[in-house]
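Understanding the architecture of this molecule
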Amino acid sequence: MANLKLSPGVVTGTALKELFAYCKEVDCALPAVNVIGSSSANAALAAAKEAKAPIIIQLSHTGSQFFAGKTLDNGQQQASIAGSIAGALHVRTLAKTYGVPAVLHTDHCAKKLLPWVEGVIAAGEEYFAKNGEPLFSSHMLDLSEQSLDENLEISRRTLARIAKMNMTLEIELGITGGEEDGVDNSGTDHSKLYTQPEDVLKAYDALNPVGSFTVAAAFGNTHGVYAPGNVKLKPSILRDSQTYIMEKRKTGPEPVNFVFHGGSGSTEEEIREAVSYGCVKMNIDTDTQWAYTQPIKKFMDEKSAYLQAQLGNPEGPDKPNKRYIDPRGWSHLGEKGFTTRLVKAFKDLGSFGKFDF
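Residues numbered from 1 in each chain as written. Predicted model: local features only at pLDDT ≥ 70, side-chain atom pairs only at ≥ 80, totals over all residues. Heavy atoms only, no water.

Our focus in this paragraph is the overall build of the chain. In terms of regular secondary structure, the chain is built from 12 helices and 15 strands. On C-alpha atoms alone, the chain measures out to a radius of gyration of 21 Å, which is about the 21 Å that the 2.2 N^0.38 rule sets for 357 residues. For the chain, the spread of C-alpha atoms along the principal axes amounts to about 75 × 50 × 45 Å. Long-range contacts, defined here as pairs at least 24 residues apart, represent 71% of the contacts in the chain between residues at least 6 apart. Charge separation in the chain, taken as the distance between the mean sites of 37 positive and 42 negative side-chain charges, equals 5 Å. (Helix = DSSP H or I, 4+ residues; strand = E, 2+ residues; numbered from the N terminus. Rg over C-alpha atoms; globule rule 2.2 N^0.38 Å. Contact = heavy atoms within 4.5 Å. Lys, Arg positive; Asp, Glu negative; His and termini not counted. Charge placed at Lys NZ, Arg CZ, Asp CG, Glu CD.)

Here it is, written out as structure tokens:
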């Protein structure tokens with residue numbers, strides 16, 4: 001089929017729903033990358049331009065705080081709220097300049113962090129009133145530590161609010177192992193890493209009448225990179241959940257848009273299998289952190305003799321080191337590494353070159 005044509009800028013509302021539907025139709029998914037400032041956000045946009053595919057740019061609670069500046073007081077979530085807004089406006093400003101479509105998303109909001117996302121939603125409502133579209137494309141609630149009933153009750157209430165702006169809500173069912181963004185599930189019983197189809201059906205029944213949603217269902221996912229054999233991924237859980245809902249509710253194929261959390265370190269086979277079962281989004285963070293840091297470390301190691309002082313290096317005691325100590329030089333190396341790793345993710349997910357814009 002012909003490539004989906006998208007306009008550069010932030011993808012919201014009906015266009016986002018059509019984007020996810022297209023991803024399922026052609027068996028591809030989009031990388032969702034956590035950014036912490038303009039440098040990583042720009043590198044993500046550069047990856048989308050190279051891959052000729054939309055990028056999902058997401059801000060976590062601490063990522064938003066870092067975007068605003070860690071010296072700011074965050075006692076009332078004010079720094080995280082402001083950082084989320086600043087990050088969204090940054091991406092909105094530059095996505096069109098890069099000539100790429102981008103999906104704006106907030107990531108992993110636990111119950112104790114609800115004031116953060118509620119503050120961002122309030123800013124989005126103001127933005128919507130002025131511009132006719134929401135500030136963000138979607139938000140995520142991670143209430144997997146609560147009971148299923150409480151998870152769905154809060155999620156339903158939140159979706160009812162953002163659906164008025166034609167936004168999408170991402171929820172989490174089951175627990176993603178490992179540690180990410182201050183949430184440590186590394187000691188979690190492995191049985192809790194696998195979501196049951198009955199729970200996905202319950203979420204479908206609760207949210208489908210309200211608005212658009214995606215589900216991060218646990219199928220053994222673990223944040224971070226893990227040694228082979230430590231975690232057993234079972235993407236078939238996604239297939240079984242799709243089949244279960246189809247049979248129980250007489251829906252069409254793949255009624256749920258799934259999200260793959262803990263995508264760093266996954267094999268190409270595992271990624272392809274998850275995508276084939278209706279996964280439209282894969283989170284990637286640890287791998288891109290390493291891709292950003294590694295070339296900078298290499299530069300620092302190789303140029304160590306030029307980084308000891310502003311003056312003096314192997315070429316002479318009075319030779320200046322400005323060209324080496326200027327952060328614009330070595331931080332750009334990190335950006336290029338970040339972009340390269342994301343382009344690989346586009347290829348792994350089958351979305352490279354599948355779009356026109």
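Now, onward.
Assignment of secondary structure puts Lys-52 in the loop between helix H2 (38-51) and strand E4 (55-59). Of the residues examined, Lys-52 reaches a relative accessible area of 33% and is grouped as partly exposed. For the pair Lys-52 and His-261, spaced 209 residues apart in sequence, the C-alpha to C-alpha distance is 23 Å. In this structure Lys-52 touches Ser-351, Gly-353, Lys-354, Phe-355 and Phe-357, once residues within four positions along its chain are discounted. (Buried < 20%, exposed > 50% of the residue type's maximum accessible area, 1.4 Å probe, protein only.)

Summed over the entire model, instances satisfying the criterion amount to 5 aromatic pairs. One residue, Lys-52, lies across the ring of Phe-357, its end atom 4.6 Å from the ring centre. Across from the ring centre of Tyr-194, 4.6 Å away, lies the NZ or CZ of Lys-234, which sits over that ring. (Phe/Tyr/Trp six-rings, centres within 6.5 Å; stacked < 30°, edge-to-face > 60°. Lys NZ or Arg CZ within 6 Å of the ring centre and 35° of its normal.)

On to the packing of helix H5 (residues 114-131) against helix H6 (residues 148-162), then. Geometry of a packed helix pair, given as the angle between the helix axes and the separation of the axes. At a minimum axis separation of 11 Å, H5 and H6 run at an interaxial angle of 15°. In this view, H5 runs roughly parallel relative to H6, as classed from their interaxial angle. Between H5 and H6 lies a crossing of left-handed hand. Within the contact between the two elements, H5 uses Leu-114, Glu-118, Ile-121, Ala-122 and Glu-125 and H6 uses Ile-154, Thr-158, Arg-161 and Ile-162. Looking at the contact of H5 with H6 residue by residue, the class counts come to 5 nonpolar, 1 polar and 3 charged. (Axes fitted to C-alpha atoms, helices over the stretch in contact; angles between N-to-C directions. Parallel < 35°, antiparallel > 145°, perpendicular 65-115°, else oblique. Left-handed = near helix turned anticlockwise from the far one by under 90°. Nonpolar A, V, L, I, M, F, W, Y, C, P; charged D, E, K, R; others polar.)

Before going further, it helps to spend a moment on the packing of H2 against helix H4 (residues 78-98). Between H2 and H4, whose axes approach to 10 Å, the crossing angle comes to 30°. The angle between H2 and H4 falls in the class roughly parallel. The handedness of the crossing between H2 and H4 is right-handed. Residues Ser-38, Ala-41, Asn-42, Leu-45, Ala-46 and Lys-49 of H2 touch H4, and the partners they reach there are His-90, Val-91, Leu-94, Ala-95 and Tyr-98. Residue composition of the contact of H2 with H4, by class: 7 nonpolar, 3 polar and 1 charged.

Moving on, we come to the environment of Ile-271. The topology assignment puts Ile-271 in helix H9 (residues 268-276). Along the primary structure Ile-271 and Phe-260 are separated by 11 residues, whereas in three dimensions their C-alpha atoms are 8.4 Å apart. Apart from the residues within four sequence positions on either side, Ile-271 is in contact with Phe-260, Ser-266, Met-282, Asp-348 and Leu-349.

To continue, consider the side chain of His-105. Here His-105 is to be found in strand E5 (residues 101-106). A distance of 2.7 Å separates a polar atom in the side chain of His-105 from a polar atom in the side chain of Ser-138. Engagement of the side chain of His-105 in a polar contact is seen with the side chain of Glu-170, the distance being 3.0 Å. The contacts of His-105, once residues within four sequence positions are left out, are Ile-56, Ile-57, Gln-58, Leu-59, Phe-136, Ser-138, His-139, Met-140, Glu-170 and Lys-281. (Polar contact = N/O pair within 3.5 Å; in protein donor to acceptor, adjacent residues only side chain to side chain.)

It is worth spelling out the confidence of the model for the chain at this point. With 91% of its residues at a pLDDT of 70 or more, the chain has an overall mean of 93. pLDDT under 50 marks residues 182-189. Its contacts with residues more than four places away, or in other chains, come to 12 contacts. (pLDDT = per-residue confidence, 0-100.)

Soluble globular proteins: nonpolar side chains tend toward being buried together. With 93 residues, the main nonpolar core has Leu-19, Ile-55 and Phe-355 as its most contacted residues. Examining the composition of this core, we find that 7 residues originate from one element, H2, more than from any other. Here Ile-55 is in contact with Pro-31, Val-33, Ala-44, Leu-45, Ala-48, Pro-101, Ala-102, Val-103, Leu-342 and Phe-346, once residues within four sequence places are set aside. (Core = buried A, V, L, I, M, F, W, Y, C linked by side-chain atoms within 4.5 Å.)

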